[in-house]
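One-letter residues, chain by chain:
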There are 2 protein chains.
Amino acid sequence: MSLRELVVLGTASQVPTRQRNHNGYLLRWDGEGILFDPGEGTQRQMLMAGVAANDITRICLTHFHGDHCLGVPGVVQRLSLDGVRHRVFAHYPASGRQYFDRLRHACPFHEVAEIHEEPVDRDGPVAAGAFGVLEARRLDHTMEAFGYRLVEPDGRRMVPERLDAFGVTGPAVGELQRNGVLDVDGRTVRVEDVSVPRRGQRFAFVMDTRLCDAVHELAEGVDMLVIEATFLAEDTSLATEYGHMTAAQAGRVAQESGVRQLVLTHFSQRYDEPARFHAEAAEVFDGDIVVAEDLMRIPVPKRRP
Amino acid sequence: MSLRELVVLGTASQVPTRQRNHNGYLLRWDGEGILFDPGEGTQRQMLMAGVAANDITRICLTHFHGDHCLGVPGVVQRLSLDGVRHRVFAHYPASGRQYFDRLRHACPFHEVAEIHEEPVDRDGPVAAGAFGVLEARRLDHTMEAFGYRLVEPDGRRMVPERLDAFGVTGPAVGELQRNGVLDVDGRTVRVEDVSVPRRGQRFAFVMDTRLCDAVHELAEGVDMLVIEATFLAEDTSLATEYGHMTAAQAGRVAQESGVRQLVLTHFSQRYDEPARFHAEAAEVFDGDIVVAEDLMRIPVPKRRP
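In the annotation of an unreviewed UniProt entry, the entry for chain A reads Ribonuclease Z, and the organism field reads Kibdelosporangium persicum. According to the UniProt record, the Subunit (unreviewed entry) comment for chain A is "Homodimer." Checking UniProt for chain A, the heading Catalytic activity (unreviewed entry) contains the comment "Endonucleolytic cleavage of RNA, removing extra 3' nucleotides from tRNA precursor, generating 3' termini of tRNAs. A 3'-hydroxy group is left at the tRNA terminus and a 5'-phosphoryl group is left at the trailer molecule."

Now the structure itself:
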């Protein structure tokens, strides 16, 4: 079974509140579990959300401000305490390598789990696998920051009526998918004969940043865009000064980039009505909008029909 | 007004649970706020418990296992974010200086608050001030660990009836306390004439450790003993193997050391009935016993009459 969902572990910027822990997001993507920007307290939020250390296959940090990385020591130590046996990859801006080192070795523990660091120092692909390609783009924040984008390759969807018409049934369907061609009673069936193009799913994670070209590049055509909306439009000048975005800007990016679902998060504690973020983005974006709350599970939208 | 209380921020050993965050304890002692062993998530627990960064005057770490120190980065950064203007002292085992350095500088932040490190490398006094004397004793754990003990100097309690009899009233009372003698209508009144000895209050914080002499030395005659009771007596061999104590051992120490109030904490998540810790200690200790829960506020027992 393929399971693709975002588990929200925390949604506060800068300081936690009673309702919102510091950042933390686990993207479940079939067998992958990508932990983005674990802030302090992520270890306990994982417990609250039903996420096990063993679910994590990859850690991606956008940058090294505390609300995006101080959960790393707890997560790293928990991977070992729980005896996780698979290799866990870690991606972060290469300019912060010394900080990752401090976080990873913050205090003594019995190191069992294997963490393989692959720092990011340029735009482009970061990793590739059965999940597709993980890419990074440099953002525009007060320190070096990278956003991430996950792109599943386009494929083809089998059409049951055509399979029937060509007499392809049972294990032969898989064989045709793997080989591209199949001999059926002496006749060659090509995969194109029985299927239609299927667009791969796409996901993007964007924070912290001012509005810039990279935000659009990351967001282009994704099914789910998780993006910081620290401020409301009334505080656009503050957002720009501190290197952040507004809900209105996030909404415009989503609209211009053909995003299907917009997940707003990383809220300043100065606002006490989450509905305002939704309202502001909805003025410019006509797709699905979610104002993230801690411990939400948000399914990645089903494939386009 | 003198306010002396323990604010419990977290009570779990090793891993957090739904009910228990990792360790963290703020001792309010008149103008001092001593933060002991902040584990991951302490910053948010402070919010939940009504503790401000500005309340912290001193940070004391017993040792550098993650559940006792991974809250340091968040607390240190919060002191600066909130613009705390008083100097904050930090005490920790000197052998872990490199770890404190990593925790203190875990990632970039705008450093405003002044933290003054005074690492502990031997038994004896660590600091002295209006609060009394803060002492440390080396414990017996799987890594170097120190317990702490706060001793207020003994003083004298004024007896209103005697003050009346000697004609000492109003501001003259304070003058007599400060100077030790006072001239009243040509007659010399000594402070001993109008007061009785008053024992200073004492507090001890003991974790993580096997039962050893230092535990008794720290606990001797304290009004409040906060002590780890990771295990129950049925698991005494595990406790010894992992360098911990049982509730029964904590109770015996309290009884033998003339402790008034015993606060048990740092529980293994293997037990789901906190009442068992209470019952076990109560078999051997006839003073007040509190099984710590997160966000409890426990007043330091009033002075002995």
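So much for the structure itself; the text now carries on.
Right, let's talk about the overall build of chain A for a bit. Across its full length, chain A carries 11 helices and 18 strands. Here the C-alpha radius of gyration of chain A, 21 Å, is about what a compact globule of 305 residues would show, namely 19 Å. Overall, chain A is about 70 × 50 × 35 Å in size when its C-alpha atoms are taken along their principal axes. Counting the 305 residues in chain A, one finds 59% classified as buried. Relative to all contacts within chain A whose residues are 6 or more apart in sequence, the contacts with residues 24 or more apart total 66%. Carbon together with sulfur atoms contributes 47% to the accessible area of chain A, which is approximately 12500 Å² in total. Measuring between centres, the 34 positive side-chain charges of chain A sit 4 Å from its 45 negative side-chain charges.

Attention now moves to the sheet that holds strand E17 (residues 288–291) of chain A. All names here are of chain A. Taken in spatial order, the seven strands of this open sheet run E7-E8-E9-E14-E15-E16-E17, and their pairing is mixed. Each edge of the sheet is formed by a strand with only one pairing partner; in this case those strands are strand E7 (124–129) and E17. Put simply, the sheet's adjacent strands are angled 15 degrees from each other on average, direction ignored. Each of strand E15 (224–228) and strand E16 (261–265) is contacted by helix H10 (residues 247–256), which is oriented at about 160 degrees to E16, the strand it contacts most. On the sheet, helix H11 (residues 275–282) packs against E16 and E17 and is oriented at approximately 155 degrees with respect to E17.

What follows covers the interface of chain A and chain B. Taken together, the contact between chain A and chain B spans 37 residues of the former and 38 residues of the latter. Both sides of the chain A and chain B interface together cover about 2900 Å² of buried area, and 58% of this is carbon and sulfur. Of all residues in chain A, the largest losses of buried area upon contact with chain B belong to Arg18(A), Glu40(A) and Arg44(A), amounting jointly to 23% of the total for that side. In this assembly, chain A and chain B are joined by zero salt bridges. In this structure, the connection of chain A to chain B is made through 16 residue pairs in polar contact (both at pLDDT 80 or more). For the side of chain A that touches chain B, the elements supplying multiple residues, two or more each, are helix H1 (42–49), helix H2 (66–69), helix H3 (72–81) and helix H4 (97–104) of chain A. Looking at which element gives the most residues to the side of chain A that touches chain B, the answer is H1(A), with six residues. Class assignment for the residues of the side of chain A that touches chain B results in 15 nonpolar, 16 polar and six charged.

Residues and elements named next belong to chain A. Following the criterion strictly, the structure yields 18 aromatic pairs over all chains and no others. With a centroid separation of 4.4 Å and an interplanar angle of 10 degrees, the aromatic rings of Tyr 92 and Phe 100 are classed as stacked. By the burial criterion, Tyr 92 is buried, and Phe 100 matches it. One aromatic cluster in this structure is built from Tyr 25, Phe 36, Tyr 148, Phe 203 and Phe 205. Positioned above the aromatic ring of Trp 29, the side-chain terminus of Arg 4 is 4.2 Å from the ring centre.

Looking now at the relation of the copies chain A and chain B. Once chain A has been moved 0.0 Å along the axis and rotated by 180 degrees, it coincides with chain B to within an RMSD of 0.0 Å. Taken together, the rotation and translation relating the two chain copies correspond to the operation of a two-fold axis. Nearest to the rotation axis, the C-alpha of Gly41(A) is located 2.3 Å from it, this being the minimum over chain A. By residue overlap, the copies meet face to face through one surface: 100% of the interface positions of chain A are interface positions in chain B.

Attention now moves to the pattern of salt bridges. Scanning all chains against the criterion turns up 42 salt bridges over all chains. Here Glu135(B) and Arg149(B) are joined by a salt bridge, their closest N and O atoms 3.6 Å apart. Pair noted here: Glu135(B) is in strand E8 (residues 132–138) and Arg149(B) is in strand E9 (residues 146–151), with a separation of 14 residues, a long-range link. For the residue pair Glu135(B) and Arg149(B), the accessibility class agrees, reading buried in each case. Put simply, Arg4(A), Asp30(A), Glu152(A) and Arg303(A) are held in one network by salt bridges that share partners.

Time to look at the side chain of His244(B). All names here are of chain B. Among the structural elements, His 244 can be located in the loop between helix H8 (236–242) and helix H9 (247–256). Polar contacts involving the side chain of His 244 include one to the side chain of Glu 228, which spans 2.9 Å. Once residues lying within four places of it in the same chain are set aside, the contact partners of His 244 are His 141, Asp 208, Thr 209, Arg 210, Glu 228, Thr 230, Phe 231, Ala 239, Gln 249 and His 266.

What follows concerns the UniProt feature "active site" (unreviewed entry) in chain A. All names here are of chain A. Per the UniProt record, "active site" (unreviewed entry) is found at Asp 67. As for its placement among the helices and strands, Asp 67 is situated in helix H2. A distance of 2.9 Å separates a polar side-chain atom of Asp 67 from the backbone nitrogen of Gln 14.

On to helix H3 (residues 72–81) of chain B. Residue and element names in this part refer to chain B. For H3, the tally of buried residues reaches nine of 10 residues, placing the bulk of the element in the interior. Turning to H3, its buried residues are Val 72, Pro 73, Gly 74, Val 75, Val 76, Gln 77, Arg 78, Leu 79 and Ser 80. Remark: Gly 83 follows H3 within two positions and exhibits a positive phi of approximately 65 degrees.

Further remarks concern the side chain of Arg149(A). Residues and elements named next belong to chain A. Owing to a relative accessible area of 8%, Arg 149 belongs among the buried residues under this scheme. Of note is the side chain of Arg 149, whose polar atom sits 2.7 Å from the backbone oxygen of Leu 218. Apart from residues lying up to four places away in sequence, Arg 149 is in contact with Val 133, Leu 134, Glu 135, Arg 202, Phe 203, Ala 204, Glu 217, Leu 218, Ala 219, Glu 220 and Val 222.

How each quantity is defined
Residues numbered from 1 in each chain as written. Chains lettered and ligands numbered in written order. Predicted model: local features only at pLDDT ≥ 70, side-chain atom pairs only at ≥ 80, totals over all residues. Heavy atoms only, no water. UniProt positions renumbered as here; feature names shortened; annotations may be inferred. Helix = DSSP H or I, 4+ residues; strand = E, 2+ residues; numbered from the N terminus. Rg over C-alpha atoms; globule rule 2.2 N^0.38 Å. Buried < 20%, exposed > 50% of the residue type's maximum accessible area, 1.4 Å probe, protein only. Contact = heavy atoms within 4.5 Å. Areas by Shrake-Rupley, 256 points an atom, 1.4 Å probe, with all protein chains shown as cover. Lys, Arg positive; Asp, Glu negative; His and termini not counted. Charge placed at Lys NZ, Arg CZ, Asp CG, Glu CD. Pairing = 2+ DSSP bridges. Axes fitted to C-alpha atoms, helices over the stretch in contact; angles between N-to-C directions. Buried area = accessible area lost by both parts, 1.4 Å probe. Salt bridge = Lys/Arg side-chain N within 4 Å of Asp/Glu carboxyl O. Polar contact = N/O pair within 3.5 Å; in protein donor to acceptor, adjacent residues only side chain to side chain. Nonpolar A, V, L, I, M, F, W, Y, C, P; charged D, E, K, R; others polar. Phe/Tyr/Trp six-rings, centres within 6.5 Å; stacked < 30°, edge-to-face > 60°. Lys NZ or Arg CZ within 6 Å of the ring centre and 35° of its normal. Least-squares fit on C-alpha atoms with pLDDT ≥ 70 in both.

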